[in-house]
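Residues per chain are reported as follows:
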Amino acid sequence: MTLIKEVINALEQLAPPSYQESYDNAGLIVGSGREEIAGVLLTLDVTEDVVQEAIDRNCNLIVAHHPIVFKGLKKLNGKNYVERTVLKAIKNDIAIYATHTNLDHVTKGVNWQIASLLGLNNIRVLAPKKQILFKLTFFSPVENTQSILNALHEAGAGNIGNYSNCSFRTEGTGTFLPNQAANPVIGKHGQQEEVKEHRAELIFPSHLESIILNALRKAHPYEEVAYYLQSLENENQEVGAGACGELAEPLEMEAFLRLLKDKMQLQIIKHTKPVKESVHRIAVCGGAGSFLLPNAVSAGADVFITADYKYHEFFDAENNIMICDIGHYESEVFTKNLLHNYLSGKFPNFALCLSEVNTNPVRYFV
């Protein structure tokens with residue numbers, strides 16, 4: 001028996017909720033995590049038609065990229081498509097979970113999917129996020145330091161890019177005086193003690209704070225663990241908006257546009273004037289990404305692929321880069337395939353269905 005909350009836990013290992021933007025509403029929007037899974041429907045958007053598809057395919061959990069409830073609901077009487085969709089899901093005991101900007105911000109997320117579809121190499125975060133790393137400093141007897149570090153590494157601390165088990169330590173003298181209520185591992189009540197200790201330091205993502213501190217307390221021999229945490233300004237190169245990478249070989253501009261149209265299954269591409277005869281480095285951002293144009297230019301990208309560009313924003317290319325607006329739906333529709341590939345490796349015991357409903361509200365006359 002698999003519960004909805006188990007699928008949610010797996011999704012939040014891929015894309016921690018703390019990585020979402022402050023304006024976002026990712027998470028479990030409708031339903032309870034305590035229900036047993038019958039089937040999961042994976043979609044970009046949740047609409048009334050998608051809920052009906054879940055009913056028809058015996059799926060009691062919908063996992064979407066876009067949250068159906070984005071702004072606060074003061075009433076729920078079916079006056080618009082959001083309320084009607086939520087009411088239909090509730091009436092039919094269908095849970096709705098969204099993984100949105102948090103999935104945008106992780107490697108192996110939305111932007112990695114686009115970059116991979118285009119065959120880019122050396123993929124990296126375009127705009128790494130700050131203030132999502134902590135540094136843990138702790139003090140321990142020299143003979144216990146390595147076992148404590150092993151426990152912390154196992155819990156997820158000490159990873160820097162392609163390197164794991166990263167830490168720094170120095171040796172010194174720790175002093176303490178146990179009172180009568182203490183239960184010291186080393187020393188005696190009322191007697192000043194000196195112990196050879198290590199000061200050890202390592203970093204970890206801030207959302208793992210409780211897990212890391214629990215691992216520290218469990219592995220540390222002292223009754224009172226000496227440690228402190230610091231929030232870091234460092235960029236986390238593994239988390240952030242957009243992605244950038246290189247084609248295996250430079251392509252002539254027309255050949256690249258044909259590649260983009262083919263791989264992303266596009267009807268049209270809105271773009272600014274090409275600034276080079278061929279392209280090599282590509283920056284991407286699924287959905288509305290105009291805010292990342294300066295990052296794309298700074299990264300030396302020849303092309304910036306995104307969506308939802310306004311007319312006057314195209315002028316911001318300034319002949320430094322070519323902007324390609326491929327459409328919001330088109331840039332993110334493959335997210336459901338990403339989710340299917342991820343979840344199918346973890347849950348082989350129930351149906352994972354790709355939605356067949358085209359939720360794109362935009363139509364093209366060609």
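Provided above is the structure to which this section pertains.
Parameters and conventions
Residues numbered from 1 in each chain as written. Predicted model: local features only at pLDDT ≥ 70, side-chain atom pairs only at ≥ 80, totals over all residues. Heavy atoms only, no water. Buried < 20%, exposed > 50% of the residue type's maximum accessible area, 1.4 Å probe, protein only. Helix = DSSP H or I, 4+ residues; strand = E, 2+ residues; numbered from the N terminus. Arc of directions from axis to C-beta. Contact = heavy atoms within 4.5 Å. Pairing = 2+ DSSP bridges. Axes fitted to C-alpha atoms, helices over the stretch in contact; angles between N-to-C directions.

Visitor: Give me the lowdown on helix 7 (residues 209-219), citing residues and values where you can.
Guide: Every buried residue of helix 7 is listed here: I212, L213, A215 and L216. Across the axial projection of helix 7, the buried residues extend over an arc of 155°, all falling on one side. Its buried side turned inward, helix 7 meets strand 6 (133-141), helix 6 (145-155), strand 8 (193-205) and strand 9 (227-232).

Visitor: Which residues make up the sheet that holds strand 3 (residues 61-64), and what are the values?
Guide: Strand pairing in a sheet relies on backbone hydrogen bonds. The paired strands run either parallel or antiparallel. Pairing is mixed across the open sheet formed by five strands, whose spatial order is 1-4-3-2-15. Across the chains shown, the open sheet's two edge strands, defined by having one partner strand only, are strand 1 (27-30) and strand 15 (351-354). Pairwise comparison of adjacent strand axes, ignoring direction, gives a mean angle of 25° for this sheet. By the bridge criterion, four bridges tie strand 2 (residues 39-43) to strand 15 in an arrangement that is parallel. Residue L42 lies in a different strand from strand 15, and its bridge partner there is L354. Along the sheet face, helix 1 (residues 4-14) touches strand 1, strand 3 and strand 4 (95-98) and points at about 5° away from the line of strand 4. Packing against the sheet, helix 2 (residues 48-56) makes contact with strand 2, strand 3 and strand 15, and its axis sits at approximately 155° to strand 2.

Visitor: A description of the environment of F347 should follow, citing residues and the corresponding values.
Guide: Secondary-structure assignment places F347 in the loop between helix 11 (335-344) and strand 15. Note on F347: relative accessible area 11%, which makes it buried. Between the C-alpha atom of F347 and that of V142, which follows or precedes it by 205 residues, the distance is 43 Å. Setting aside residues up to four positions removed in sequence, F347 forms contacts with T2, E6, V7, A10 and L352.

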